[in-house]
Amino acid sequence: MKKTRKTITSVTLAISMAAMLGACSSGGSSTEGTASPAQTDVSQAESSPNSQPSSNQASAPQEEEAVTLRFASWQSNHDAGNQAVADAFHELHPNITVQFDYYGDMNSKDYLQKVDIMLMGQEPIDLVMAPSFADYVVRAESGSYLGLNQFFQEEGLTAEDEFNVVVPVNEDVYGIPGELKYNLVLINKDMLDAAGLSVPSLDWTWEDYRSYAKALTHGSGPDTVYGSYFHSWGSTNLYGISSAKEGNSYFNSDGTLAFDSDAFRDFLQMRYDMENVDLSSTPLADVKALNMNYRDQFFNGTIAMLPMGSFMFSDIGNEKYAHDFVTTFARMPLWDSQDPHYNTVSGNFFAVASTSQHPKEAYEFLKFWCQEGVSIKGMFISNEKGADKMESTSRIVSGFEDLIDMDALTVVMQDPDWVDSYEEFTPSYQSEIDSLLTEETDIYLLGSQSLDDTISNLMSRGNVIIEENK
């Protein structure tokens, strides 16, 4: 396989960023890009207009046109897996080569800033990514992606026939979340056993979580091991809402803000008490002041429980986070043991760029990437219709099962009451609401504002954002 790489000089494009913000609801400066083609040489006969083919040449079937698809990604660390998927596709379609161009170096924000500018400049790109529902919707509405319904219809299909999670925008599907991630709780099983606690059941509650955190906290001063850890993202404070209802946790089904719900208030109060009264969860002040990395905190053994995403499965076997304890798992807690088992879905979206010069071929590869490709890479949970979540998970953790409580993980991933919960409604201004959420909840959790004022500010300021975007 021939492999080349090219480098694009990094520059700061403040003026372009401002223009992009107006046109695409996104902005930023450019970053470095490298190209890595997954390529097998495709021979292509050349002939002049005046040449006369022999009788044998005339009767031979005409070769398909050689096509190179340009796939812009930020997942530079996944290059080997990406190449493997492209090679497998090339075996089925010898005329199609896929070239991966990497921007952002595993930083999706930098990637979006660069690629948005490229698309605005009409640079030919065939396949692109978005790291979240909100990022996907903004770009679908701005015209950055091609609608996929036309391609599915040509095959007599719908996106819903092929995939579990489908997010239409204005009655068309512009991207597929091909690499799914779910929230769950990672637990240091050695600490769990030492505290005499059993692996939580599928119907455990936030009250149970708080009790476990108290029992798992030990040590004092700089040697304190906290039973719980909530990361600094504002969206972490939506865990309570996502336990209580299906769909977008920022909004109610009618598009109004959900910050005045009991579930939101109760979770914020519980988190504040755990960090400042029980002293059983790492204080937000420490998380921010020390710029804590949640992976380091868990794998270094300074916390016992970590609510996070299934994207951490592969980290357990990563030598960068070498450790000698077993990780066990629990589903995200419920408010009441009888509540529905909502499981929040996130994932990377994959789309055909509006500037694609080969949209049909790009669609064919996109489908392959989001179906067979997920199994080939073995790094994410498949969104393919009928796919088994535990089968995907087993591929991810293959080779380091000794570091995982496979029985507990199987119970979580094969929950018979599992309900996929994802953002069917995602307004273009959701990122503004998320920034507001982080700002106001930080002030409360750091002790500088009451809970009532926090919720009042979120509702009033959030409604101003909604009005400004009507």
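Since the model is a prediction, treat every value here as computed from it, not as a measurement.

What follows deals with the overall build of the protein chain. When helices and strands are counted, the protein chain shows 19 helices and 14 strands. Out of the 470 residues belonging to the protein chain, those deemed buried represent 52%. Surface accessibility of the protein chain: about 20600 Å² in total, with carbon and sulfur atoms responsible for 46%.

What follows deals with the packing of aromatic side chains. All chains considered together, the criterion is met by 36 aromatic pairs. Centroid distance F89 to F365: 5.0 Å. Interplanar angle 80°. Geometry classified as edge-to-face. Remark: F365 occurs in helix α14 (residues 359-370) and F89 occurs in helix α3 (residues 79-92); sequence separation between them is 276 residues. The exposure classification of F89 matches that of F365, with both residues buried. Each member of the aromatic cluster is reached from another via a ring pair, and the members are F71, F89, F100, Y102, F350, F365, F368 and W369.

This part takes up helix α18 (residues 430-445). With 16 residues, α18 should reach 22 Å at 1.5 Å per residue; the first-to-last C-alpha distance of 22 Å fits that figure. Regarding α18, the residues found buried are Q430, I433, L436, L437, E440, T441, D442, Y444 and L445. Against α5 (133-142), α11 (262-276), α12 (284-289) and α19 (451-468) lie the buried residues of α18. Downstream of α18 by a residue or two, G447 has a phi angle that is positive, lying close to 85°.

Another point: the packing of α3 against α14. Orientation of α3 relative to α14, taken along the N-to-C sense of each, is 125°, at an axis distance of 11 Å. Taken together, the axes of α3 and α14 lie oblique to each other. Regarding α3 and α14, the two cross each other, and that crossing is right-handed. Residues N82, V85, A86, A88, F89 and L92 of α3 lie in contact with α14, whose contacting residues are E364, F365, F368 and W369. Its residues assigned to classes, the contact of α3 with α14 comprises eight nonpolar, one polar and one charged.

Below, the discussion takes up the side chain of H341. Positionally, H341 belongs in strand β12 (residues 341-352). Within the structure, H341 has its side chain in polar contact with the side chain of D415 (distance 2.6 Å). With residues up to four places along the chain from it excluded, the contact list for H341 reads L202, R331, L334, D415, D417, W418 and V419.

Counting residues in hydrophobic clusters, the biggest one holds 107 residues, and the most contacted among them are Y136 and F259. If near-sequence neighbours (up to four positions away) are discounted, Y136 is found in contact with A130, Y145, V167, V169, V173, Y174, G175 and F349. Listed in part, the 20 residues of the second largest apolar core include L192, Y209, A213 and M332.

So, on to the confidence of the model for the protein chain. Of all residues in the protein chain, 87% have pLDDT values of 70 or greater, and the mean over the chain is 89. This stretch, residues 1-34, has a pLDDT under 50; its non-local contacts, to residues over four places away or in other chains, come to 85 contacts.

All right, on to the side chain of H231 then. Among the structural elements, H231 can be located in the loop between β9 (226-228) and α10 (239-244). A relative accessible area of 9% means that H231 is categorised as buried. If near-sequence neighbours (up to four positions away) are discounted, H231 is found in contact with T236, R271, V287, M292, Y294 and M308.

With respect to the helices, strands and loops of the structure, G178 is situated in strand β8 (residues 176-188). Given the relative accessible area of 0%, G178 is considered buried. Sequence separation of G178 and F349 is 171 residues, and the distance between their C-alpha atoms is 6.2 Å. Excluding anything up to four places from it in sequence, G178 contacts N348, F350, C370, V374, I381 and N383.

It is worth spelling out the environment of K377 at this point. Take K377: it is sitting in helix α15 (residues 372-377). The spatial distance from the C-alpha of K377 to the C-alpha of V85 is 6.9 Å, given a sequence separation of 292 residues. Once you skip the residues sitting within four places of it in the chain, K377 turns out to touch Q75, H78, G81, N82, V85, E179 and W369.

Attention now moves to the pattern of salt bridges. For the structure on display, the rule yields 19 salt bridges. Ionic pairing is found between K288 and D442, a salt bridge with its closest N-O pair at 3.0 Å. One end of the pair, K288, is in helix α12; the other, D442, is in helix α18, and 154 residues separate them in sequence. With a relative accessible area of 40%, K288 lands in the partly exposed category.

Every other side chain in a regular strand lies on the same face of the sheet, so the side chains alternate between the two faces. In terms of burial, strand β10 (residues 303-309) is a largely internal element, seven of the seven residues being buried. Sheet analysis places β8 next to β10, joined by five bridges and oriented antiparallel. Bridged to N183 within β10 is G309. Relative to β10, β9 runs parallel, the two being bridged by two bridges. The partner of S228 across the bridge, within β10, is M305.

The subject of this paragraph is the packing of helix α16 (residues 389-396) against helix α17 (residues 406-413). In the contact formed by α16 and α17, the axes pass within 9 Å of each other and the chain directions differ by 145°. The crossing of α16 and α17 is right-handed. Contacts from K389, M390 and T393 of α16 reach α17 at M406, L409, T410 and M413. Considered class by class, the residues forming the contact of α16 with α17 number four nonpolar, two polar and one charged.

Criteria and thresholds
- Residues numbered from 1 in each chain as written.
- Predicted model: local features only at pLDDT ≥ 70, side-chain atom pairs only at ≥ 80, totals over all residues.
- Heavy atoms only, no water.
- Helix = DSSP H or I, 4+ residues; strand = E, 2+ residues; numbered from the N terminus.
- Buried < 20%, exposed > 50% of the residue type's maximum accessible area, 1.4 Å probe, protein only.
- Areas by Shrake-Rupley, 256 points an atom, 1.4 Å probe, with all protein chains shown as cover.
- Phe/Tyr/Trp six-rings, centres within 6.5 Å; stacked < 30°, edge-to-face > 60°.
- Expected span 1.5 Å × (residues − 1).
- Contact = heavy atoms within 4.5 Å.
- Axes fitted to C-alpha atoms, helices over the stretch in contact; angles between N-to-C directions.
- Parallel < 35°, antiparallel > 145°, perpendicular 65-115°, else oblique.
- Left-handed = near helix turned anticlockwise from the far one by under 90°.
- Nonpolar A, V, L, I, M, F, W, Y, C, P; charged D, E, K, R; others polar.
- Polar contact = N/O pair within 3.5 Å; in protein donor to acceptor, adjacent residues only side chain to side chain.
- Core = buried A, V, L, I, M, F, W, Y, C linked by side-chain atoms within 4.5 Å.
- pLDDT = per-residue confidence, 0-100.
- Salt bridge = Lys/Arg side-chain N within 4 Å of Asp/Glu carboxyl O.
- Pairing = 2+ DSSP bridges.

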